[in-house]
Structures are given as structure tokens and as C-alpha cells.
Amino acid sequence: MRTRNGLKIRVDEGIRFRAERIQIVGATLFTEEYLKSVMVQKEGEPFDGETTQADLKLMGALYKQKAHLFARIKIDIGFTENENGCTVLLTVDEGLPISIERVEIRGNVKTVDKVIRRELRLLPGELYDGSKLEESLSNLRRLSYFKGIKTDFTAGSAEDRRNLVLEMEEGETGQIG
């Protein structure tokens, strides 16, 4: 339909589904009640796929703080007998807790390893902790010695061990303008 002020388009998005039930299975590190409490998507509210994806990311971060670097959460949406209801099933595969076997530093030509290592909060022999890694990276960025820092993990000597690799890209330091 055309009007003087422009084009008016009517959009019918269809039925809005409600998350009648959210169930979390396979979680042992956290209770189902706790995980539900940190989720934005709540039972009885309209289902929002983007919100649920953000919830999965948040849960993944919680597991990384507890050394479960490779935890996976699978989502299945089912429909209920109620015509606009759905169930949300989150299946957690926690994986093994991962410890850091070695920290490898690459790409630093001017900066000695000791300067980098003193800023690290995640050390060899410790269980992986995502918040400690973020703190370590923040400490290194604060030095202003590096243009970029990339992280990676390589296989360690056992299934539950990984080597943390820090790939440093050094910036210009010590120059007087």
C-alpha cells in the first residue's frame, strides 16, 4: 500500500514460540539450577535464538574458568503439544579438565622471555583458567610493547595437557620522537 509519506509494508512474523521448558543435561561441574539462573533466556518467556546463543557462549566461558577448555554445549529445540510452545534441551559435554604443560613464546625478538613471563597469571602445571589467560593478555597489552598477541594451544604429552602458545608481534619501543 502506498501513502504520501512512503511505502508501508506489513510483515507477519508468524507465531512467537515460548520456551515452556529448559532442560540442561550432562552438567556435573555446575547445577542445572545455577546454569539456568545465569541464562538470559527463561522458561515461560518468548524463545529468542540469539539470546540462547549468547547464553551458550556464557556457559562455555564458565566451563573455561574451571579448566574445561573443550566443553561443548549442544542445543536441541523441540515443539510441545501447545501450538506455540517449545522445549530447549541443552546437552553438555564437559570434556576433561585441561592443565597447561608449557608456555611457548614466539615472535619476540627485542623483548626477552622473562619480561613476558612475569606478566603471566596462567602458569605451567596449573589447570587452565580462562579468566587468568585474559588477565595475562591484559597485563601484556598494558606494557605497550606489542602490536598484537595471538594465543593458541598445541597438544601436550597427555590428553588432558596442552601447551599455551603466545605469538607476539612486537611494536616500536624505546624511540624518542
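Basis of the calculations
Counting starts from 1 at the beginning of each chain's written sequence and moves along it residue by residue. At least 70 in pLDDT is required for a residue's local features to be given in this predicted model, at least 80 for side-chain atom pairs to be given and counted, and no such filter applies to totals for whole chains, interfaces and linings, which use all residues. With hydrogens and water stripped out, all remaining heavy atoms of the structure feed into the side-chain values. The salt bridge criterion pairs a side-chain nitrogen of Lys or Arg with a carboxyl oxygen of Asp or Glu, the two atoms within 4 Å. Helix numbers and strand numbers start at the N terminus; a helix is a DSSP run of H or I with at least 4 residues, a strand a run of E with at least 2. Exposed residues in this analysis have more than 50% of their type's maximum accessible area, buried residues have under 20%, and partly exposed residues fall in between, with area computed by a 1.4 Å probe over protein chains only. Aromatic rings from Phe, Tyr and Trp, with only the six-membered ring used for Trp, were paired whenever their centres fell within 6.5 Å, and each pair was classed as stacked if the ring planes differed by under 30 degrees, edge-to-face if by over 60, and tilted otherwise. Here, nonpolar core refers to any group of buried Ala, Val, Leu, Ile, Met, Phe, Trp, Tyr and Cys residues whose side-chain atoms link them within 4.5 Å. What makes two residues a contact is simply this: any of their non-hydrogen atoms within 4.5 Å.

Observations regarding the pattern of salt bridges
Here is step 1: Within the structure shown, the criterion is met by nine salt bridges.
Here is step 2: Salt-bridge contacts for R121 lead to E135; the nearest nitrogen and oxygen are separated by 3.7 Å. With R121 in the loop between α3 (113–117) and α4 (130–142) and E135 in helix α4, this pair connects stretches of sequence that are 14 residues apart.
Here is step 3: Of the residues examined, E135 reaches a relative accessible area of 40% and is grouped as partly exposed.
Here is step 4: Each of the salt bridges in this network shares a partner with another, and the network as a whole consists of E32, K36 and E43.

Side note on the packing of aromatic side chains
Here is step 1: Counted according to the given criterion, the structure contains five aromatic pairs.
Here is step 2: Through a chain of ring-to-ring contacts, the aromatic side chains of F30, Y34 and Y63 assemble into a single cluster.

Digging into the nonpolar core
Here is step 1: Within the largest apolar cluster, 19 residues are counted, with the highest numbers of intra-cluster contacts made by V103, L140, F146, L164, L166 and M168.
Here is step 2: Among the secondary structure elements, those contributing two or more residues to this core are β6 (99–106), α3, α4, β7 (146–155) and β8 (161–170).
Here is step 3: Excluding residues that lie within four positions of it along the chain, M168 makes contacts with I105, R106, G107, N108, I116, L140, F146, G148 and I149.
Here is step 4: Counting 15 residues, the second-largest nonpolar core is a separate cluster that includes I24, Y63, L90 and V92.

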